[in-house]
Amino acid sequence: MNRNYIFLTLLMLVLAVGTVFLTMDDEPNQVDPEILLQEIIQPTRYVSTDQVAKMIIQGDPSLMLIDVRSEDDFQGYSLPHSINIPLDSLLTADNLSYFGIPGTKVVFVSDDDIRADQMWVLTKRLGYKGTYVMRGGLNCWMQTIIEPKQPSDDASYADMETYSFRKGAQIYFTGAEEETSDDSKVEVQVQKREKTNVALGGC
Amino acid sequence: MHIHELNPWRTLIALSAFVVLLIIGFLTMQKPLMAYQLTMDESIRELTESELYFYPWDLEAVIAKEADTIILFDIRDRFVFGQGHIPGAENLSANDLTKEENIERLEELKEKGFTVVLYGQDELQGNGPLMLFRQVGFSNVKLLLGGYNYYFQHKDDLYSTVDDDGYLKGFARFDYAEMAAPKEGALNSGAEKKEVQVQRREKTNVAAGGC
């Protein structure tokens, strides 16, 4: 046999083995940093507490609330139908399966908006779409929905409208709270998916 | 019999041409502007570190020009920057952050040992850029807690903010469970209302289904 062929074969084998090492230190499915930065500087990811309240009250099937606080805090109080994924346990396969479902709006909730925003950046880096941050977090939720402040008499019509909505939402959430606070996570999940299917079928 | 065997040199020539091509390809490959230096795990762990942040009272030294290795970058847009900014800050609005020259500038500052402090209108505005820059390896970038709003409210007496927690984030300012609990006296009526509410939600669903 020609020596050249043996030499070529060996070279190809070495190169082939080399590719194994190339792919090993690459983390899969990550958004390019430049694109991520461009998405970060857009303020489109923020939703207000009013918007979230409205979606919960209307039973919006595409809404998925994810609470990024610790498990203890979550047990103490949580928004109805929310799921607990603490920031430091994001990367388990179980938790990641909540993201990237087409047609769902994932809204991150924390005490204020920083932790939720951190979670948003991390999931964005992993390439998940349809994620949002509740602006102001639970502190703002308490101030706007649970104990809304009455606007002054000369407030604009829009402010009055917001206030009357918040008063209604206050009754809804302070009344229905006890029932939903300790639901198991899985049950809530299943309900939501079913609803999505019904809505899709109807259209 | 193969034609190569007539002229063994031809194989070698083809091979070396191939290798040269590969080497040229690698050498001229464009280096991406930024690449992740921290894995996802490391990025999450880093979020709990306090060295990510710059405290409002530390600004005194920067404003008095005593801290010459610290550079303030205002990431709000140029118009807002023009209306007022922290003395000595440079404007690097968020929309320009991805520009090559700015990334190169940051690299240069890192090599020279400068600390870069970003600030936005509030902490939230600077949070994303901080996280990204950290993840791509700019370990000299920090974020001003409270942002411009907090600075503006306390600019006359920044030292006194040492005892204030108004700019701190990440904890509950209320007892949620107690606040959201059904109010006394409203307990019974609350239970009745619950049922009404459930009905309303069903209706919404039916409407949505019918389109």
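Calculation criteria
Residues numbered from 1 in each chain as written. Chains lettered and ligands numbered in written order. Predicted model: local features only at pLDDT ≥ 70, side-chain atom pairs only at ≥ 80, totals over all residues. Buried ≥ 20, exposed ≤ 12 C-beta atoms within 10 Å, placed from the backbone. Helix = DSSP H or I, 4+ residues; strand = E, 2+ residues; numbered from the N terminus. Arc of directions from axis to C-beta. Contact = placed C-beta atoms within 7 Å. Axes fitted to C-alpha atoms, helices over the stretch in contact; angles between N-to-C directions. Parallel < 35°, antiparallel > 145°, perpendicular 65-115°, else oblique. Nonpolar A, V, L, I, M, F, W, Y, C, P; charged D, E, K, R; others polar. Pairing = 2+ DSSP bridges. Domains from an automatic or database assignment.

**Student:** What exactly am I supposed to notice about helix 3 (residues 49-57) of chain A here?
**Tutor:** One turn of an α-helix holds 3.6 residues; hence residues three or four places apart share an orientation. All names here are of chain A. Every buried residue of helix 3 is accounted for by Thr49, Val52, Ala53 and Ile56. Take helix 3 and look down its axis: the buried residues cluster within an arc of 100 degrees, on one side only. Just past helix 3, the residue glycine 59 takes up positive phi, approximately 65 degrees.

**Student:** How do you make sense of the environment of valine 106 of chain A when you look at a structure like this?
**Tutor:** Residue and element names in this part refer to chain A. Note that valine 106 resides in strand 4 (residues 105-109). As a C-alpha pair, valine 106 and isoleucine 66 span 40 residues in sequence and 6.8 Å in three-dimensional space. Residue contacts for valine 106: discarding those within four places in its chain leaves Met64, Ile66, Phe99, Gly130, Thr131 and Tyr132.

**Student:** Which parts of the structure should I look at to understand the packing of helix 2 (residues 33-40) of chain A against helix 7 (residues 123-135) of chain B?
**Tutor:** Packed helices, taken two at a time, are described by the angle their axes make and the gap between the axes. As a packed pair, helix 2 of chain A and helix 7 of chain B sit with axes 9 Å apart at the nearest point and diverge in direction by 170 degrees. With respect to each other, helix 2 of chain A and helix 7 of chain B are oriented roughly antiparallel. Judged by residue contacts, Pro33, Leu36, Leu37 and Ile40 of chain A of helix 2 of chain A engage Gly128, Pro129 and Leu132 of chain B from helix 7 of chain B. Of the residues in the contact of helix 2 of chain A with helix 7 of chain B, the class split is six nonpolar, one polar and no charged.

**Student:** How do you make sense of the pairing of strand 2 (residues 70-74) of chain B when you look at a structure like this?
**Tutor:** In regular strands, side chains alternate between the two faces of the sheet. Residues and elements named next belong to chain B. Of all five residues in strand 2, four are buried; the element is thus mostly enclosed. Of the strand pairs in this sheet, strand 2 and strand 3 (residues 90-91) are connected by two bridges, and their pairing is parallel. By the bridge assignment, aspartate 74 is partnered in strand 3 with asparagine 91.

**Student:** Help me understand the domain arrangement of chain B, please; the structure alone is not making it clear to me.
**Tutor:** A common measure of how large an interface is: the accessible area buried when the components associate. On domain assignment, one finds that chain B holds domain 1 (1-30), domain 2 (40-163) and domain 3 (178-202). Placing the centre of domain 1 of chain B and that of domain 2 of chain B at their C-alpha centroids yields a distance of 52 Å.

**Student:** Where do I start with the sheet that holds strand 3 (residues 82-84) of chain A in this structure?
**Tutor:** Adjacent strands of a sheet pair through backbone hydrogen bonds, lying either parallel or antiparallel. Residue and element names in this part refer to chain A. Read across the sheet, five strands follow the order 1-5-4-2-3 without closing on themselves; strand pairing throughout is parallel. Single-partner strands in this sheet number two, and they are strand 1 (46-47) and strand 3. In terms of strand pairing, strand 1 meets strand 5 (residues 131-134) through two bridges, oriented parallel. The partner of tyrosine 46 across the bridge, within strand 5, is valine 133.

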